[in-house]
Amino acid sequence: MSKFIIQVNGSVYGSSASFRALSFCQNVLANGHSIINVFFYQDGVTNSNALTCPASDEINMHAKWQAFAKQYQVPLINCVSAALRRGVLSEQEANENGKSHWNSDACFTMGGLGELVVGIEKADRLISF
Amino acid sequence: MILHQIQTSTLCDNALNTCLRYIHPNDSILLSGDAVNCLLQTQWQQRLAAVNLLVLQDDIQARGLQKRIDDIAAKMQPQLFHIIDYSNFVEQSLKHNKVITW
Amino acid sequence: MKSLAIVFRHAPFGHTSGREGLDLAMLSASFEQQVSLIFTDEAVLHLLAGQTPEQAGAKDYLSALKALPLYDIETVLVCAESLAILGINASELSIDAQVVTADLITQTLQTVDEVLVF
């Protein structure tokens, strides 16, 4: 059994990288391996946006990541500085920055790049999408 | 032994070209996403002919390219051309020492 | 501790990837990882002197390149071929960096534990 850390740089809509990352994660677990965390960086942080509302016949990557994290208890971590720059805020960041709204879903944790680095240190493999 | 992942179209992005500049003879390339389209071009078939090549099946089928890629694969060395699924992608990432996503 | 190579391959300012790659490089180094930087393709333009990123709507993240030695990032490799394509001489680089052949970059990618591309 091997330990993976997954980095997602592709956005929630407009790129197919996030979809491939999720398919890879599902197969990591199906093959009996584990995932330390899925780290969202660059445009990848938009995957945590709970206000994503694609039409019902379109794929909803936000909902898919949320369901995956809930089913398998895999930590989803947003790079907080990448998220803030892109208008992706959790309730805490909204309060700290004087904003009356937030959009980052609670199943995504805000964290620092340090969580990616520590995860890389512990993992057998880093796979980026 | 590195698995180089290319996700983007060679007509829009230099990723595959850059990867080929630094690839080691023992390495492999995985084409996923729009990168699979490069196999339709003779110049990329030639530049990739000597590389151990993995191509993600879902991305070939999604684009309706299965028949075309099968025909192209028949011209490539069979031991160097592999159409793989996600489960095999996971195992290939472990068989190689690391994965670089360009 | 792991050894990480961070590869920059996109031009400055058109993309934020250079800036976000550099953030990760410095953060990794402050977490005691052994970090090497590799500049290739148009990303070698990050290393030209006299840039004013603000005029292109970007933060001046290039000045952070001068602080790399403070983070113990001593290996900065620049692809000679990319410099040649863009007509840049090694003497024109704004920081202390090694201009190297593709073979040396190949070797570095093989040796380090992980590689992240920006």
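The coordinates are above.
The shown structure was predicted, so the numbers you read here are calculated from the model rather than taken from an experiment. (Residues numbered from 1 in each chain as written. Chains lettered and ligands numbered in written order. Predicted model: local features only at pLDDT ≥ 70, side-chain atom pairs only at ≥ 80, totals over all residues. Heavy atoms only, no water.)

**Quick look at the overall build of chain A**
Phase 1 of the analysis: Along its length, chain A carries five helices and five strands.
Phase 2 of the analysis: Mapped in sequence order, the helices and strands of chain A form the string β-α-β-α-β-α-α-β-α-β.
Phase 3 of the analysis: Compactness check: chain A gives a C-alpha radius of gyration of 14 Å against a globular reference of 14 Å for 129 residues, within 12% of the reference.
Phase 4 of the analysis: Reported as C-alpha extents along the three principal axes, the dimensions of chain A are approximately 45 × 35 × 25 Å.
Phase 5 of the analysis: By the burial criterion, 54% of the 129 residues in chain A qualify as buried.
Phase 6 of the analysis: Counted over contacts in chain A with a minimum sequence separation of 6, partners at least 24 positions apart contribute 77%. (Helix = DSSP H or I, 4+ residues; strand = E, 2+ residues; numbered from the N terminus. Rg over C-alpha atoms; globule rule 2.2 N^0.38 Å. Buried < 20%, exposed > 50% of the residue type's maximum accessible area, 1.4 Å probe, protein only. Contact = heavy atoms within 4.5 Å.)

**Considerations on the environment of A:Cys79**
All names here are of chain A.
Phase 1 of the analysis: Looking at where cysteine 79 falls in the secondary structure, it is placed in strand β3 (residues 76-79).
Phase 2 of the analysis: Residue cysteine 79 is classed as buried on the basis of its relative accessible area, which comes to 2%.
Phase 3 of the analysis: The sequence separation of cysteine 79 and threonine 109 amounts to 30 residues, and the corresponding C-alpha distance is 8.8 Å.
Phase 4 of the analysis: Ignoring anything within four residues of it in the chain, the contact list for cysteine 79 reads Phe39, Phe40, Tyr41, Val45, Gly111 and Leu113.

**So, the environment of B:Leu53**
Residue and element names in this part refer to chain B.
Phase 1 of the analysis: Mapped onto the secondary structure, leucine 53 falls in strand β3 (residues 52-56).
Phase 2 of the analysis: Take leucine 53: its relative accessible area is 0%, and that puts it in the buried class.
Phase 3 of the analysis: Sequence separation between leucine 53 and cysteine 12 is 41 residues, and the spatial gap between their C-alpha atoms is 21 Å.
Phase 4 of the analysis: Setting aside its immediate chain neighbours within four residues, leucine 53 contacts Ile29, Leu31, Leu39, Leu48, Met76, Leu80, Phe81 and His82.

**A few points about the layout of surface pockets**
Phase 1 of the analysis: Of the voids in this model, the largest pocket is the one considered here, and its volume is about 1,000 Å³.
Phase 2 of the analysis: Along the walls of the largest pocket sit 42 residues, with B:Thr8, B:Asp13, C:Arg9, C:His10 and C:His15 positioned nearest its centre.
Phase 3 of the analysis: If you list the elements that add at least two residues to the lining of the largest pocket, you get α1 (17-30) of chain A, α1 (15-22) of chain B together with α1 (17-30), α2 (80-85) and β5 (114-117) of chain C.
Phase 4 of the analysis: Its residues placed into classes, the lining of the largest pocket shows ten nonpolar, 22 polar and ten charged.
Phase 5 of the analysis: If you add up the space inside the second largest pocket, you get close to 180 Å³.
Phase 6 of the analysis: For the second largest pocket, the full set of lining residues is A:Arg85, A:Arg86, C:Phe13, C:His15, C:Thr16, C:Arg19, C:Glu20, C:Ala56, C:Gly57, C:Ala58, C:Lys59 and C:Tyr61.
Phase 7 of the analysis: Residue composition of the lining of the second largest pocket, by class: four nonpolar, three polar and five charged. (1 Å grid on protein atoms, 1.4 Å probe; cavity = no way out; pocket = protein on both sides within 12 Å on 5 of 7 lines; lining within 4 Å. Points joined across faces, edges and corners; volume = space filled by probe spheres on them. Nonpolar A, V, L, I, M, F, W, Y, C, P; charged D, E, K, R; others polar.)

**Details of the interface of chain B and chain A**
Phase 1 of the analysis: Each partner contributes to the interface: chain B provides 18 residues, whereas chain A provides 16 residues.
Phase 2 of the analysis: Approximately 1,400 Å² of surface area, both sides summed, lies buried where chain B meets chain A, with 56% of it carried by carbon and sulfur atoms.
Phase 3 of the analysis: For the chain B face of the interface with chain A, the top three residues by lost area are B:Tyr86, B:Val90 and B:Leu94, together amounting to 41%.
Phase 4 of the analysis: At the level of secondary structure, the elements contributing two or more residues to the side of chain B that touches chain A comprise α5 (86-95) and β5 (98-101) of chain B.
Phase 5 of the analysis: It is α5(B) that provides the largest number of residues to the side of chain B that touches chain A, a total of seven residues. (Buried area = accessible area lost by both parts, 1.4 Å probe.)

**Things to note about unusual backbone geometry**
Phase 1 of the analysis: Residues other than glycine seldom take positive phi values, yet A:Gln73 does so here, at roughly 55°.
Phase 2 of the analysis: Turning to its location among the elements, A:Gln73 is positioned in the loop between α2 (61-72) and β3.
Phase 3 of the analysis: In this model, C:Asp41 sits at a positive phi of 50°, which is unusual for a non-glycine residue.
Phase 4 of the analysis: Assignment of secondary structure puts C:Asp41 in the loop between β2 (34-39) and β3 (75-79).
Phase 5 of the analysis: Note on C:Asp41: relative accessible area 10%, which makes it buried.

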